[in-house]
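Architecture at a glance
Here is how the chains run, residue by residue.
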Amino acid sequence: MSNTRTAGDITGLSAADLARKIAARELSSVEVTQAHLDRIAEIDGELGAFLHVGADESLAAATAADAAIAAGEAPSALTGVPIALKDVFTTVDAPTTCGSKILEGWMSPYDATVTARLRAAGIPILGKTNMDEFAMGSSTENSAYQVTRNPWDVTRIPGGSGGGSAAALASYQAPLAIGTDTGGSIRQPASVTATVGVKPTYGTVSRYGLVACASSLDQGGPCGRTVLDTALLHEVIAGHDARDSTSINQAIPDVVGAARTGANGDLSGVRIGVVKQLQGEGYQPGVLASFQAACRQLTDLGATIVEVDCPHFSYALGAYYLILPSEVSSNLARFDAMRYGLRVGDDGTHSADEVMALTREAGFGPEVKRRIMIGTYALSSGAYDAFYGQAQKVRTLIARDFAKAYADVDVLISPTTPTTPFKLGEKVDDPLSMYLFDLCTLPVNLAGTAAMSVPSGLSSDDGLPVGLQLMAPAFGDDRLYRIGAAYEAARGPIG
Ligand code: GLN
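Rules and cut-offs
- Residues numbered from 1 in each chain as written.
- Predicted model: local features only at pLDDT ≥ 70, side-chain atom pairs only at ≥ 80, totals over all residues.
- Heavy atoms only, no water.
- UniProt positions renumbered as here; feature names shortened; annotations may be inferred.
- 1 Å grid on protein atoms, 1.4 Å probe; cavity = no way out; pocket = protein on both sides within 12 Å on 5 of 7 lines; lining within 4 Å.
- Helix = DSSP H or I, 4+ residues; strand = E, 2+ residues; numbered from the N terminus.
- Buried < 20%, exposed > 50% of the residue type's maximum accessible area, 1.4 Å probe, protein only.
- Contact = heavy atoms within 4.5 Å.
- Polar contact = N/O pair within 3.5 Å; in protein donor to acceptor, adjacent residues only side chain to side chain.
- Pairing = 2+ DSSP bridges.
- Axes fitted to C-alpha atoms, helices over the stretch in contact; angles between N-to-C directions.
- Near = heavy atom within 4 Å.
- Areas by Shrake-Rupley, 256 points an atom, 1.4 Å probe, with all protein chains shown as cover.
- Nonpolar A, V, L, I, M, F, W, Y, C, P; charged D, E, K, R; others polar.
- Salt bridge = Lys/Arg side-chain N within 4 Å of Asp/Glu carboxyl O.
- Core = buried A, V, L, I, M, F, W, Y, C linked by side-chain atoms within 4.5 Å.
- Points joined across faces, edges and corners; volume = space filled by probe spheres on them.

The protein chain appears in an unreviewed UniProt entry as Glutamyl-tRNA(Gln) amidotransferase subunit A from Gordonia hydrophobica. According to the UniProt record, the Catalytic activity (unreviewed entry) comment for the protein chain is "L-glutamyl-tRNA(Gln) + L-glutamine + ATP + H2O = L-glutaminyl-tRNA(Gln) + L-glutamate + ADP + phosphate + H(+)". Here is the UniProt Subunit (unreviewed entry) comment for the protein chain, exactly as written: "Heterotrimer of A, B and C subunits."

Written out as structure tokens, the structure reads:
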């Protein structure tokens, strides 16, 4: 019998509560970290959320956090609260695989900026979480290492590509987690596990040491079980970084303040747009019912809801699946058998080109190969204008749809996913239907703006989690937290 949703006394607390108790020395970080390590040892065999657990390293960080608190020198509001880190951020003290065999055994010589910020904030890293290979996928089934199961129903997917982080949160193996969102990989796993996930404005969370999938779309972001917890983590990881050339040197909005204000529940004067193109045909009735109930609750809180037309969103999927593979084909060229991880055929009988080909053949999985091939074609001289060039034009039109909408409303909303989580194995042989699962999340990445998925309850038709997506303009991340927290308080507990 699965107990993946039954929390313990410590593991059941929110990150905000844990932080408060650790700061007040009612609990030590060592105790809290140990409780989560015990929980991982107890249940992760069944769920498969972690690829690597750093027991000694996280306990050493917890000991240091306790010492800092005892000395009155807590470095952050989350000092001592442990976290799960998606295995796409480099770490000097744990392997970084990106869910790929091509990086098996590789140790990074440096920490990602996100990793370094967590360490500097006194946040012990429990381990590295499972993901679709190089963040390509919607179910975490493209991991070369293991399947991750959804704690709500272990026969179902935990979402992807960050299914490991979402499953760890939903099963109380970690109070906080880090994900990355290139087309929905934070929001969509959050939606199907009834957790909160935020894709921050592009350029506000450093990509230094985040192994690239598609550089113009990738963004690291915070994951939690509550809106406030997610805001506290957002504050730790966001901020300018000179080592990332796309990092924007501008103040991060006060997301923690916004989450606290929002919890008071008054949304009068707030204008919310429902995206016409992100509902209707193909959406599960229980998902739409949950979405409509959320709209009513937002209206009850004082918000005004209007329908908004974003005509070019219909082309988002097509544009995304040309732009992303194009960037992937170029980014993944660095795995050349010389510099990182796996090397096949290096026996003196093969040329360097052959070793490279053999290594890439053995080291990459089918979805990664599919995208490298599509991207290489889309960028080839005869096809460039018709494919990559057209997709870039669509990208501009989508950004304009958003800009026009935000001239009239503060945020846009939609369901996060068209259906609740599907069965493991159900879509592995049908890439297109797998791609369609991210229909609602992709436009935000193309525009470089911000979005959150907040749980909107369990679907009336199958009892599985549903997510509400809130979208905001660039540097409007605080709006997500204010409205998300107000909605969360009105909605009440789930399950
Ligand atoms: N599922 C989408 C894809 O496969 C999004 C992935 C992501 O956000 N990393 O590309």
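Now that the structure has been shown, we can carry on.
Right, let's talk about the UniProt feature "active site" (unreviewed entry) in the protein chain for a bit. Using the residue numbers shown here, the UniProt feature "active site" (unreviewed entry) corresponds to Lys86, Ser161 and Ser185. A compact arrangement is adopted by the annotated residues: their sequence extent is 100 residues, whereas the largest C-alpha distance between any two is 10.8 Å. Narrowing the list just given to those that line the largest cavity leaves Ser185. Considering the arrangement of structural elements, one finds Ser161 in the loop between β3 (125–129) and α5 (163–170). Taking relative accessible area as the criterion, Ser161 reaches 0% and is therefore assigned buried. Look past the residues within four positions of Ser161 in its chain and what remains in contact with it is Lys86, Asn130, Met131, Asp132, Ala135, Met136, Gly137, Thr140 and Ser185. With respect to the helices and strands, the residue Ser185 is situated in the loop between β4 (176–180) and α6 (187–193). The residues touching Ser185, leaving out its near neighbours within four places in the chain, are Lys86, Ala135, Gly137, Gly160, Ser161, Gly162 and Thr180. Here Ser161 takes part through its backbone nitrogen, which lies 2.7 Å from a polar atom of the side chain of Ser185.

Taken together, the 11 strands give an open sheet; going across it, the order is β1-β3-β2-β4-β6-β5-β10-β11-β9-β7-β8, and neighbouring strands pair in mixed fashion. Two strands bound the open sheet, and with one partner strand each, they are β1 (50–53) and β8 (304–308). Mean inter-strand twist for the sheet, computed between neighbouring axes without regard to direction, equals 25°. Bridge count between strand β5 (residues 196–199) and strand β10 (residues 450–458): three bridges; the pairing is antiparallel. Residue pairing across strands places Lys199 opposite Ala451, the latter belonging to β10.

The ligand sits among 15 residues. The nearest are Ala135, Gly183, Ser185, Tyr320 and Asp438. The backbone of Gly137 places a nitrogen or oxygen atom 2.8 Å from a nitrogen atom of the ligand. One of the side-chain N or O atoms of Tyr321 is found 3.4 Å from an oxygen atom in the ligand. The fraction of the free accessible surface of the ligand (300 Å²) that becomes covered by protein chains is 100%. The biggest single contributor to the shell around the ligand is helix α10 (residues 316–331), with three residues. Here the shell around the ligand is built from residues that sort into five nonpolar, seven polar and three charged.

What follows covers the pattern of salt bridges. Two side chains of opposite charge can pair, provided their charged atoms sit close to one another. Applying the stated criterion across every chain, the model contains 15 salt bridges. Two residues, Arg119 and Asp93, come together in a salt bridge whose shortest N-O distance is 3.0 Å. A residue pair is termed long-range when its members are at least 10 positions apart, and Arg119 in helix α4 (residues 113–120) and Asp93 in the loop between β2 (83–86) and α4 qualify at 26 residues. A relative accessible area of 32% means that Arg119 is categorised as partly exposed. Across the pair Asp336 and Arg339 runs a salt bridge whose closest N-O atoms are separated by 3.4 Å. Each of Asp93, Asp111 and Arg119 takes part in one network of salt bridges that share partners.

On to the nonpolar core, then. Residues Leu78, Leu118 and Phe134 are the most contacted members of the largest nonpolar core, which totals 113 residues. By residue number, the principal contributor to this core is α10, which donates nine residues. Discounting chain neighbours no more than four positions away, the residues touching Leu118 are Ile83, Leu85, Ile123, Ile125, Ile178, Leu233, Val236 and Ile237. In this structure, Ala49, Ala84, Ile186 and Cys223 belong to the second largest nonpolar core, which totals 13 residues.

Okay, the UniProt feature "domain: Amidase" (unreviewed entry) in the protein chain next. Annotation from UniProt places "domain: Amidase" (unreviewed entry) at residues 31–480. From the first C-alpha to the last, residues 31–480 spans 33 Å; its make-up is 38% helix and 13% strand.

A few words on empty space enclosed by the protein. According to the stated counting rule, one finds three cavities of 30 Å³ or more in the structure shown. Approximately 90 Å³ is the volume found for the largest cavity. Looking at the largest cavity, it is lined by 15 residues, and the ones nearest its centre are Ala135, Gly137, Ser185, Tyr320 and Asp438. With three residues, α10 is the largest single contributor of residues to the lining of the largest cavity. Classifying every residue of the lining of the largest cavity gives seven nonpolar, six polar and two charged. Considered as a void within the structure, the second largest cavity measures approximately 70 Å³ in volume. Residue lining of the second largest cavity: His52, Gly54, Glu57, Thr91, Asp93, Ala94, Ile125, Leu126, Gly127 and Lys128, and that is the complete set. A class-by-class count of the residues in the lining of the second largest cavity yields three nonpolar, four polar and three charged.

Relative to the elements of secondary structure, Asp17 occurs in helix α1 (residues 15–23). Given the relative accessible area of 27%, Asp17 is considered partly exposed. In sequence terms Asp17 and Leu169 are 152 residues apart; their C-alpha atoms lie 15 Å from each other.

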